[in-house]
Every structure is written in C-alpha cells, then in structure tokens.
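The primary structure of each chain is shown beneath.
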Amino acid sequence: NKAVHRMDWTSYHRLDDIYGYLNYLADTYPNIVQLIDIGTSYENRTLYVVHISHPSSIPETKPAIWIDAGVHAREWISPALATYIIHQLVEDPANEGLLLSADWYIMPLMNPDGYEYSHVKNRLWRKSRSETGSGKCRGVDLNRNFGYQWGDRGAYVDPCAKGFRGVKAFSEPETIATSNFILKKANLIKLYLTLHSFGQVVLIPWGHSATLPSDYGDLLALAKSATSTFQRYKYKVVNLATQFYRATGTSADWAKSIGIKYSYTVELPTNGFILPVSNILPVSQDFFPALNVFAAEVATL
Ligand code: ING
Ligand code: ZN
C-alpha cells in the first residue's frame, strides 16, 4: 500500500498526499532518495528534507543544492514546484546529469501547519500557527524569523501582523530545525533557493541592508543566466533591499551570512497567491531547466 501515491501536478495537494508521495519515492528508489525527518512543527507535523543523490555518489563529497518551499502557507505554487522538481530528479532518467553534478536537499513544506490551515480554514494565511502569548493572534512569519540581523527594520513586533518576526531569532521549531540541518551541511551546500510567490522575480541579498554583497556580480550573473532558460514567463533579477523592499530575518540573508555563496529568493509567476491549477505544470516545466544552469555552476565550485 505504500507503493502507491496520489500525487500529480494538475491540482494542489494536501499535506497527506505530498508526504505520501515522499514516502513512496523513498520506498521505491532507496538508492536515490533518502527521506530525512529533521524535526516537528509547532502542531507536531514532521518536517521532511528529501535528499536526492546519484547511486554512484560517495556520500558527502559533491557540492549540494538546497531548495525549500512552502515557507508561506498561501503560496501553493511553491510546494507544487518543489514536488515537481523532486519528481523530475528522481523519476525521469533523462535528468541523471543533474544528480551527477550535485547532491540535492529539497524541503517541500517548511510550514506544514500553515499550509494545512490555508487549505481548511483561511486560504490567504501566510504565517506558521504557533501561539506566541498574545492570546489573540497566532503565527510567525518564518521568513522574518531567521537569525541574521533579526529584529531590525522590515519585520513586525506585533504578533497580529502578517510579517510578525517572532519573539526572538529562531523562536520557531520550523526555522530552528531547518537552520540546524543546513548548518550541518553548510560546507557542502553551494546554492540556496527558497521558493515563494508571487512576482516573477529572483531576489538577491541583502534584504536587511542596502549594501550589496561583495560578490553581488557573481550572484547577478548566475541568476540572469538561469532565468534566461525560461521560455514562457520572463523573470526580473533584482537586489532585495534596494529594488524590492527591505526585510530582516529572511532565510536567504541568513543562508548568505553562513557562507552559502549563491542564495536566492524566487518569486514564482504570476500575479496572485491563488494561481489556477492549470498553471502548475506550465510554471514548473518552465522553471525546471534553470536547474541545469545552477547545477553546472556549483559543479565548478
Ligand atoms: N515575498 C517575500 C517575503 O518574505 C522577500 C519577499 C523575500 C522579502 C526575502 C524580503 C526578503 O515577503 C513573499 N511573497 O513572501
Ligand atoms: Zn512568501
């Protein structure tokens, strides 16, 4: 019964379907897929990272690419794309080259509590579901809770705000579990991608400061090269603080701060959180070839 699943990319799936698919992959392709339980959410849901590697790889020797999704509950296209990427890497032998170039760590749902809440109660919910003591409003914006320059401009102190930063850096089980796992692999991870929606733009750190990273030119060049593969949707590439908006405690700033050279936030198409299901495959198929560009670059590092 484990050797079946309900996943496809013609509808948005609940957490059970997504996790059922991850378990199916781990059971079916044990020499490629390792399903890693990195902790539990506030409401006790498992936080999974999918490790995908070539069967011939010697463990922990290749440069690795990290992709996370579902940080914000309502951005349903994000976990849909992450699971599509997992599907392509694992189940299409044509993509073997991507596994030869890099190891892949993919976390399709960083915020499982919020994701389920957005399905059953409030479609436009953004945050996690933790109770922070205000007695009134629940949830922390996980993309304002990471521990680099946390609490400065561009995040909210008010627990009722959509951009509530939490009571301290890494106050949330989801951000602490994610960051601890990334730290363990930090010497291997060369590229950090976090998938959000919406806007068709790739955002380059920093978000906390208008000063550009010293290697900004490298990040800009790689993002431009990757987005040039897109046929259907045209993405812009911009700096977060100076061309988008300033924000602190974001995961991409934190990833950059721990030494992951290429750290990007991707805002997927198109112009709303509620993207019709007919867009899932076009958005995903358009995006996937960019991974060839990213993988080729990290293979040289
Ligand atoms: N947008 C991101 C957000 O967290 C962002 C944009 C990313 C801002 C990184 C600052 C830093 O607000 C969405 N759609 O969530
Ligand atoms: Zn988001």
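Turning our attention to the coordination of the zinc ion (ligand 2). Protein coordination at the zinc ion (ligand 2): the donors are H72 (ND1), E75 (OE), E75 (OE) and H196 (ND1), at 2.0 to 2.3 Å from the metal. Each donor residue of the zinc ion (ligand 2) belongs to the same chain, and together they define the spacing H-x2-E-x120-H.

Glancing now at the site of ligand 1. Around ligand 1, the structure places 14 residues, and the nearest of them are H72, N143, R144, Y245 and E267. Between E267 and ligand 1, the recorded distance is 2.6 Å, taken from a side-chain N or O atom to a nitrogen atom. Only β5 (189–197) and β8 (262–268) provide two or more residues apiece to the shell around ligand 1. Across the shell around ligand 1, the residue classes tally to four nonpolar, six polar and four charged.

In this structure the tally under the stated criterion is 20 aromatic pairs. Here W9 and Y84 contribute two aromatic rings whose centre-to-centre distance is 6.1 Å and whose plane-to-plane angle is 85 degrees, an arrangement assigned as edge-to-face. With W9 in the segment before α1 (15–28) and Y84 in helix α2 (residues 77–91), the pair connects residues that are 75 residues apart, well separated along the chain. For the residue pair W9 and Y84, the accessibility class agrees, reading buried in each case. Given the relative accessible area of 8%, Y84 is considered buried. Aromatic rings pair up to connect W9, Y21, Y24, Y84 and F288 into one cluster. Lying across the ring of W76, R123 places its NZ or CZ 3.6 Å from the centre.

The mixed open sheet is built from eight strands, whose spatial order is β1-β2-β4-β3-β5-β8-β6-β7. Every other strand in the sheet has two partners, leaving β1 (33–40) and β7 (236–239) as the edge strands with one partner each. Averaged over all pairs of adjacent strands, the angle between their axes in this sheet comes to 20 degrees, without regard to strand direction. As defined by bridge partners, strand β6 (residues 201–204) adjoins β8 across three bridges and the pair is classed as antiparallel. Bridge pairing links L203 to T265 in β8. Strands β1 and β2 (46–52) of the sheet are contacted by α1, whose axis makes an angle of about 40 degrees with β2.

Moving on to the pairing of β2. Most of β2 sits out of view: six of its seven residues are buried. Where β1 and β2 come together, seven bridges link them in antiparallel fashion. Bridging from a neighbouring strand, I36 pairs with V49 of β2. If you look at the hairpin formed by β1 and β2, you'll find five residues sitting between the two strands, and N44 has a positive phi there, around 70 degrees. The pairing of β2 with strand β4 (residues 103–107) spans three bridges and is antiparallel.

Reading the values: the criteria
- Residues numbered from 1 in each chain as written.
- Chains lettered and ligands numbered in written order.
- Predicted model: local features only at pLDDT ≥ 70, side-chain atom pairs only at ≥ 80, totals over all residues.
- Heavy atoms only, no water.
- Donors = N, O, S within 2.8 Å, 3.2 Å for Na, K, Ca; no water.
- Near = heavy atom within 4 Å.
- Polar contact = N/O pair within 3.5 Å; in protein donor to acceptor, adjacent residues only side chain to side chain.
- Helix = DSSP H or I, 4+ residues; strand = E, 2+ residues; numbered from the N terminus.
- Nonpolar A, V, L, I, M, F, W, Y, C, P; charged D, E, K, R; others polar.
- Phe/Tyr/Trp six-rings, centres within 6.5 Å; stacked < 30°, edge-to-face > 60°.
- Buried < 20%, exposed > 50% of the residue type's maximum accessible area, 1.4 Å probe, protein only.
- Lys NZ or Arg CZ within 6 Å of the ring centre and 35° of its normal.
- Pairing = 2+ DSSP bridges.
- Axes fitted to C-alpha atoms, helices over the stretch in contact; angles between N-to-C directions.
- Contact = heavy atoms within 4.5 Å.

Without other data, these values stay purely geometric and don't point to any function.
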